[in-house]
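# Descriptive analysis of the structure
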Amino acid sequence: LAAVGLTIAWDIALVFSPVDIAQFTRWVGPIILISLIIALYTELLLVGTFSRLIEGQPLAWQQIAGRALKRLPAYLAVAFIWALIMIFGMFLAIVPAIIFGTWFMFMTPAFLIENQGILATFKRSKTLVSGYFFPLLLRAGGTILIVFFITSAASQGLFAILKSTV
């Protein structure tokens, strides 16, 4: 959802403002950083919301948002470590990155729901995946492809509609 929202926001911004390369390079870093923080906070909000729904607890929005905000700085460290692991996996080859991505696909629930520490999050996620690696890999890969195609089609369609009205 965060990726779809950011894609739509970028498309709207590109339609209504011409791209000046000098200005773009100056703003690209802060825009990416803000987008990343919003996406990670949204991920924590969604995991907190769905965990309460699954557990049959009432949705206390202030409590969910407060807990997500409180855990956000540590989650930024988790995301940074995850990014380093994924980059390392990409340097080795694509296969290690896919393996690492599958092992650590449950890092957000382990971090938020189980209150794991930064490094314990990765160990717990790998433990949760053990014995279910290939079924989870296939489900995650299929989901990623579906979301990619829907996001791509939606953003291209929105961009074409907005471009024709300007």
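Residues numbered from 1 in each chain as written. Predicted model: local features only at pLDDT ≥ 70, side-chain atom pairs only at ≥ 80, totals over all residues. Heavy atoms only, no water.

## Some remarks on the overall build of the chain
Along its length, the chain carries seven helices and zero strands. Ordered by position from N to C terminus, the α and β elements of the chain give α-α-α-α-α-α-α. Of all 166 residues assigned to the chain, the portion counted as buried reaches 23%. For the chain, the share of sequence-separated contacts (at least 6 apart) that also reach a separation of at least 24 residues comes to 63%. In the structure as shown, the chain presents an accessible area of about 11,000 Å², 76% of it carried by carbon and sulfur atoms. (Helix = DSSP H or I, 4+ residues; strand = E, 2+ residues; numbered from the N terminus. Buried < 20%, exposed > 50% of the residue type's maximum accessible area, 1.4 Å probe, protein only. Contact = heavy atoms within 4.5 Å. Areas by Shrake-Rupley, 256 points an atom, 1.4 Å probe, with all protein chains shown as cover.)

## Considerations on unusual backbone geometry
With a phi angle near 55 degrees, Asn115 is a residue other than glycine that sits in the positive phi range. Mapping Asn115 onto the fold places it in the loop between helix 5 (107-112) and helix 6 (118-129).

## Focus on a nonpolar patch on the surface
Taken together, the side chains of Leu46, Phe50, Leu53, Ile54, Leu59 and Trp61 define a hydrophobic patch exposed on the protein surface, amounting to about 640 Å² of accessible area. A per-element tally of the nonpolar patch places helix 2 (residues 21-54) first, with four residues. (Patch = residues over 30% accessible without salt bridge, like charges linked within 9 Å, V, L, I, M, F, W, Y side chains within 5 Å. Salt bridge = Lys/Arg side-chain N within 4 Å of Asp/Glu carboxyl O.)

## Digging into the pattern of salt bridges
Under the criterion given, the structure shown has one salt bridge. A salt bridge links Arg124 to Glu114; its shortest N-O distance comes to 2.7 Å. Placement of the pair is Arg124 in helix 6 and Glu114 in the loop between helix 5 and helix 6, with a sequence separation of 10 residues. Since its relative accessible area comes to 33%, Glu114 is described here as partly exposed.

## A look at the packing of aromatic side chains
Aromatic ring pairs: the centre-centre distance and the angle between the two ring planes describe each pair. On inspection of all chains with the given rule, the structure shows six aromatic pairs. Pairing Trp103 with Phe104 gives two aromatic rings, centres 6.3 Å apart and planes at 70 degrees, and the pair type is edge-to-face. Classification of Trp103 as partly exposed rests on a relative accessible area of 25%. Residue classification places Phe104 among the buried residues on the basis of a relative accessible area of 10%. With 5.1 Å between their ring centres and 85 degrees between their planes, Phe133 and Phe134 make a pair best called edge-to-face. Accessibility expressed as a relative area gives 18% for Phe133, which makes it buried. According to the relative accessible area criterion, Phe134 is exposed, its value standing at 60%. A connected cluster of aromatic rings, assembled from ring pairs, spans Phe100, Trp103, Phe104 and Phe122. Positioned over the ring face of Trp103 is Lys126, at 4.1 Å from the centre of the ring. (Phe/Tyr/Trp six-rings, centres within 6.5 Å; stacked < 30°, edge-to-face > 60°. Lys NZ or Arg CZ within 6 Å of the ring centre and 35° of its normal.)

## Some thoughts on the packing of helix 3 (residues 61-92) against helix 4 (residues 94-103)
Put simply, helix 3 and helix 4 touch, their axes get as near as 5 Å, and they point 150 degrees apart. With respect to each other, helix 3 and helix 4 are oriented roughly antiparallel. Contacts between helix 3 and helix 4 involve Ile85, Met86, Phe88, Gly89, Met90 and Leu92 from the former and Ile94, Pro96, Ala97, Phe100 and Gly101 from the latter. Its residues placed into classes, the contact of helix 3 with helix 4 shows nine nonpolar, two polar and no charged. (Axes fitted to C-alpha atoms, helices over the stretch in contact; angles between N-to-C directions. Parallel < 35°, antiparallel > 145°, perpendicular 65-115°, else oblique. Nonpolar A, V, L, I, M, F, W, Y, C, P; charged D, E, K, R; others polar.)

## So, the confidence of the model for the chain
Across the chain, the average pLDDT comes to 83, with 81% of residues at or above 70. Here helix 1 (residues 2-16) stands out as the element of the chain with the lowest mean pLDDT, 61, in contrast to helix 6, whose mean of 93 is the highest. (pLDDT = per-residue confidence, 0-100.)

## As for helix 3
Remark: the principal bend of helix 3, roughly 50 degrees, maps to Leu72, with a proline, Pro73, within the next four residues. For helix 3, every residue scored as buried is listed here: Ile64, Ala68, Arg71, Leu72, Tyr75, Val78, Ala79, Met86 and Gly89. (Bend = angle between axes of the 7 residues up to and from the residue.)

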